[in-house]
Amino acid sequence: MLINPASTHQDDLWLERHIVDPSQDNRQPIILETKQLHVYYGDNEAIYEGDLKFAEHQISALIGPSGSGKSTFLRSLNRMNDGVARVAGQILYRGVDINRPEIDVYEMRRRIGMVFQRPNPFSKSIYDNITFALKRRGVTDKKTLDEVVETSLKQAAIWDEVKDQLNKSALALSGGQQQRLCIARAIAVKPDILLLDEPASALDPVSTGKLEETLTALKSNYTIIIVTHNMQQAARISDYTAFFNMGRALEYDKTSQIFTSPKVQLTNNYVAGDFG
Amino acid sequence: MNPKLSNRIAITTLYVIASLIVLILAALLGYIIISGLPALSWHFLTSPARAFTSGGGIGIQLFNSFYLLILTMLISFPIALGAGIFLNEYAKQNWVTSLVRTSIEILSSLPSVVVGLFGFLIFVVRFNFGFSILSGAFALTFFNLPLLTRSIEEALAAVPDEQREGGLALGLSKWETVTHIIVPAALPTILTGVILSAGRIFGEAAALIFTAGQSAPALDFGDWNPFNISSPLNPMRPAETLAVHIWKINSEGIMPDAKAISSGASAVLVISVLAFNLLARFIGRRLFKRFTAG
Amino acid sequence: MNSKLQKQLLKRSKAAKIERLGKGVSFLALMLIVLTVFAIIIFVTSKGLSTFFSNHVNVIDFLTGKNWNPNVTNAKGQPEVGALPMITGSFVVTILSALLATPFAIGTAIFMTEISPQRGARILQPVTELLVGIPSVVYGFIGLTVVVPAVRAVFGGSGFGILSGTFVLFVMILPTVTSMSVDALHSVPRYYREAALALGATQWQTIYKVVLRAATPGMLTAIVFGMARAFGEALAVQMVIGNAALLPTSLVSPASTLTSVLTTGIGNTVMGSMQNNALWSLALVLLIMSLIFNLIIRLIGRRGAITK
Ligand SMILES: Nc1ncnc2c1ncn2[C@@H]1O[C@H](COP(=O)(O)OP(=O)(O)OP(=O)(O)O)[C@@H](O)[C@H]1O
Ligand SMILES: [Mg+2]
């Protein structure tokens, strides 16, 4: 479902859009903002209208049909698409445009972490999974590392399940545990923003429930942007929701608004289950 | 002809051919082991060769083979690892990369005599290393690099991309991710490749006859200072290996027991290569288990 | 704008430095290999050409001359360096061993993939892997102690010659050609077979008319690959062929190949001498043939890719 920019751009302009600025109705400052974002895979433009603002300490959900560009958008935010896609436009992180070649992507990604659809723990022990990135950054003090392991695992709500087996291989954990370990691993480097791409899609309902609790609890410390296919999930955990369709963010508003009285017809259809 | 009948005939023929191949291997192995076993003894494995009289052993050649193998691996593994990493992780799909791949393919298909002659020209003559372990190790490195690089590249490619993304998303560089996560995850496969190529190196002779030389001067196994001329570790001494020894005594050997010695040496060579093969399988399976669970 | 953050994000991190270094080092490793290949080609070529440029031997005379005797000068006042006997020897053993190995290799490969995949995986695959692993000097030694006496007993003469060389090379390239043919057969999609069988074809008809056709490019590659190995094999052949630089007149009389003359000759000549240069020219022929085999494999690959 790729957009051909030349032919459809004009025709699609009739489409209504409704995008809010979360800092207006919410006292939190904007932490991340995209401006004139365009993403191209080769000659194909996968995102051509994705200007959104994300407020601090909020959970924002990205929903939309398959192929609408949610992952593409999300992965552009911390430049995981470098080398895969060409990303034009600005991505302002606390006012600094991070979509510039001079930006040190490694420091930026430390601040804007990401968790993926399929749990991807390293084939190392649970302990080493958490401490690996810190060690690479020169943290060697055993006590500091121990502390980080404990707090990260606690924040990711998996501490109680693994505290007695920190030296066990992470691959021996269940899928749900692995995913929470990946969240713990991501927050161990003290990021500012967490991006999650369908983190629950490979999990069973019980694990999904736990993961959602974890995310809700993390909100007070982190800003979270999550892609999900699960409408109930978006409704349960997010404060704001963006609806993507064919490479554009069509509607962005408070989650309650999106799910009760969307302003854009296509959003309404999608939320009501009429397509997608 | 009736299709049913021709089907029957064809399939029977295929059974015969397949059995023949098994038979060939069985005969080869049987012949090597049976004719070689009587010669094998502790004395044979440890004592030096004799040029004109019978009763010589293969001790020095055996040591040379292992020393050369280790030295070759020490030189070629880092290069192959670096090249494999670049090819799998960094190389873009463009004409430079395809040129590189073509040249690696060319190197892997060059006759080993040609590689040996090149080693002779460069190391023995130009660099004045003479017939030496070092010249031999460099020649074997050229011989080894293409296959080892390819097997490392394949091992890396088999590690899922999610592992790479996991590292990058933590703010690690690609290099750190590859060296600390991808390479360890690929280690069982890499090690299997290394051991299999070790078997190939161990049996190689053509690349060595003009580089490591065809003589095995006496060694003083009490002297491990690599700078001393009779030290086993001295990399500048000529070093006939086991494989070269077999060739040498069969081409121009004049000792009375040349045949018994070659039989014994062949048995040792084949048993070593078999051992490398089994070890590769064993280690591959063992490490794989350790890395995936437990 | 947040200038403190901006500064932190613009500063080159340790990771960025490591990345640059690592990428550079691994690139150098790769370039080292490429450089080696170029160096081999350039050095062998320049040494190999000196026969023609320094010693003024005519290339045609070299390729077609029937007498190899670098120590002797002929009527024209030029050294006798006719490489035809060796070139012929190399081609004859290569072609004969490939002709012999092909039916066996393809038969075995068919058996392993189509007839009895279970036995193929459990018995034949380890067998081919072990056969690949046996060092060529061991093949040479067995050739010398088993094949040569057998040929002598049956055909008389010394037993050394093209026939013995062919037998040894046949066994040597058999496993390579087999395992590559297996790969080729494996790449034929399942439904080809199912479609043919569903039309009422017998198993052999399916194999012969459908599977083998589809796998032809891959099998050709396997055979050419085996030929390249046979052409370049040195010691095993040298041990059984008799090493007489004569144009072969029969399969059981001593002959020679490019590689056999090289291995016996290089050590007995002085670097830079005419005799030595002539040997390097043989090496050049080997190199060129190796490149040609490579090219053929590439061409087959491209053809196969288009028709698929
Ligand atoms: N690596 C890639 N190369 C080329 N095109 C891509 C790539 N990744 C995605 N696309 C294309 O970009 C468009 C958006 O894909 P994207 O994965 O962002 O959608 P999505 O909304 O995340 O879908 P899903 O819900 O299925 O995950 C699709 O048309 C897809 O085919
Ligand atoms: Mg997606």
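Residues numbered from 1 in each chain as written. Chains lettered and ligands numbered in written order. Predicted model: local features only at pLDDT ≥ 70, side-chain atom pairs only at ≥ 80, totals over all residues. Heavy atoms only, no water.

- The name an unreviewed UniProt entry gives chain C is Phosphate transport system permease protein, with Secundilactobacillus folii as the organism.

- Per an unreviewed UniProt entry, chain A carries the name Phosphate ABC transporter ATP-binding protein and comes from Secundilactobacillus folii.

Regarding the overall build of chain A
- Helix and strand counts for chain A come out as 11 helices and 12 strands.
- Here chain A has a C-alpha radius of gyration of 19 Å; the compact-globule value for 276 residues is 19 Å, and the two agree.
- Counting only C-alpha atoms, chain A reaches 60 × 40 × 35 Å along its principal axes.
- Counting only residues that meet the buried cut, chain A has 57% of its 276 residues in that class.
- Once local pairs closer than 6 in sequence are excluded, the contacts in chain A between residues at least 24 apart make up 70%.
- Taking the 32 positively charged and 34 negatively charged side chains of chain A as two groups, their mean positions are separated by 6 Å. (Helix = DSSP H or I, 4+ residues; strand = E, 2+ residues; numbered from the N terminus. Rg over C-alpha atoms; globule rule 2.2 N^0.38 Å. Buried < 20%, exposed > 50% of the residue type's maximum accessible area, 1.4 Å probe, protein only. Contact = heavy atoms within 4.5 Å. Lys, Arg positive; Asp, Glu negative; His and termini not counted. Charge placed at Lys NZ, Arg CZ, Asp CG, Glu CD.)

Overview of the UniProt feature "transmembrane region" (unreviewed entry) in chain C
Residue and element names in this part refer to chain C.
- Per the UniProt record, "transmembrane region" (unreviewed entry) is annotated on residues 21-44, 91-115, 127-148, 154-174, 219-241 and 278-300.
- The span residues 127-148 is 91% helix and 0% strand, and its two end C-alpha atoms sit 25 Å from each other.
- Between the end C-alpha atoms of residues 278-300 the distance is 33 Å, and the span holds 100% helix and 0% strand. (UniProt positions renumbered as here; feature names shortened; annotations may be inferred.)

Remarks on the packing of aromatic side chains
Residue and element names in this part refer to chain A.
- Tallied over the entire structure, the rule returns 31 aromatic pairs over all chains.
- Taking 5.1 Å as the distance between ring centres and 35 degrees as the angle between the ring planes, the aromatic pair formed by Phe243 and Tyr270 counts as tilted. One end of the pair, Phe243, is in strand E11 (residues 240-245); the other, Tyr270, is in helix H11 (residues 265-271), with 27 residues separating them in the sequence.
- Among the residues examined, Phe243 registers a relative accessible area of 0% and is labelled buried.
- Judged by its relative accessible area of 4%, Tyr270 is buried. (Phe/Tyr/Trp six-rings, centres within 6.5 Å; stacked < 30°, edge-to-face > 60°.)

Observations concerning the interface of chain B and chain A
- With 19 residues of chain B in contact, the opposing surface of chain A contributes 24 residues.
- Surface buried jointly by chain B and chain A totals about 1,900 Å² across both partners, of which 58% is contributed by carbon and sulfur atoms.
- For chain B, the biggest contributors to the area lost against chain A are Glu162, Ala169 and Leu170 of chain B; these three give 30% of the whole.
- Salt-bridge contacts for Arg136 of chain A lead to Glu176 of chain B; the nearest nitrogen and oxygen are separated by 3.3 Å.
- Remark: the boundary between chain B and chain A carries eight residue pairs in polar contact (both at pLDDT 80 or more).
- For the side of chain B that touches chain A, the secondary-structure elements that each account for two or more residues are helix H7 (161-168), helix H8 (174-203) and helix H10 (258-292) of chain B.
- With six residues, H7 of chain B is the single largest residue contributor to the side of chain B that touches chain A.
- Tallied by class, the residues present in the side of chain B that touches chain A amount to seven nonpolar, eight polar and four charged. (Buried area = accessible area lost by both parts, 1.4 Å probe. Salt bridge = Lys/Arg side-chain N within 4 Å of Asp/Glu carboxyl O. Polar contact = N/O pair within 3.5 Å; in protein donor to acceptor, adjacent residues only side chain to side chain. Nonpolar A, V, L, I, M, F, W, Y, C, P; charged D, E, K, R; others polar.)

Side note on the domain arrangement of chain C
Residue and element names in this part refer to chain C.
- Taken domain by domain, chain C comprises domain 1 (22-81) and domain 2 (84-307).
- Taking only C-alpha atoms, the centre of domain 1 and the centre of domain 2 are 25 Å apart.
- The interface of domain 1 with domain 2 comprises 21 residues on the first partner and 22 residues on the second.
- Buried area between domain 1 and domain 2, summed over both chains or domains, comes out near 1,800 Å², and the portion from carbon and sulfur atoms is 73%.
- There are zero salt bridges connecting domain 1 and domain 2.
- Our count for the domain 1 to domain 2 interface comes out at six residue pairs in polar contact (both at pLDDT 80 or more).
- If you list the elements that add at least two residues to the side of domain 1 that touches domain 2, you get helix H2 (14-53), helix H3 (59-64), strand E1 (68-73) and strand E2 (79-81). (Domains from an automatic or database assignment.)

Description of the side chain of Arg248 of chain A
- Its location among the elements puts Arg248 of chain A in strand E12 (residues 248-254).
- Looking at Arg248 of chain A, its side chain comes within polar contact range of the side chain of Tyr48 of chain A, at 3.4 Å.

Describing the packing of helix H7 (residues 162-186) of chain C against helix H9 (residues 203-232) of chain C
All names here are of chain C.
- Taken N-terminus to C-terminus, the directions of H7 and H9 make an angle of 150 degrees; their axes are 8 Å apart at the nearest point. Here H7 is positioned roughly antiparallel relative to H9, judged by the angle of their axes. Crossing hand, H7 versus H9: right-handed. Contacts between H7 and H9 involve Leu169, Met172, Ile173, Thr176, Val177, Met180, Ser181, Ala184 and Leu185 on the former and, on the latter, Val211, Leu212, Ala215, Gly218, Met219, Thr221, Ala222, Ile223, Phe225, Gly226, Arg229 and Ala230.
- Class assignment of the residues belonging to the contact of H7 with H9 gives a composition of 15 nonpolar, five polar and one charged. (Axes fitted to C-alpha atoms, helices over the stretch in contact; angles between N-to-C directions. Parallel < 35°, antiparallel > 145°, perpendicular 65-115°, else oblique. Left-handed = near helix turned anticlockwise from the far one by under 90°.)

Brief notes about the site of ligand 1
Residues and elements named next belong to chain A.
- Near ligand 1 lie 14 residues; those nearest to it are Ser66, Gly67, Lys70, Ser71 and Thr72.
- Lys70 has a polar side-chain atom sitting 2.8 Å from an oxygen atom of ligand 1.
- Side-chain polar atom of Ser71 to an oxygen atom of ligand 1: 2.6 Å apart, as the coordinates give it.
- Sort the elements by how many residues they give to the shell around ligand 1 and helix H2 (residues 70-77) lands first, with three residues. (Near = heavy atom within 4 Å.)

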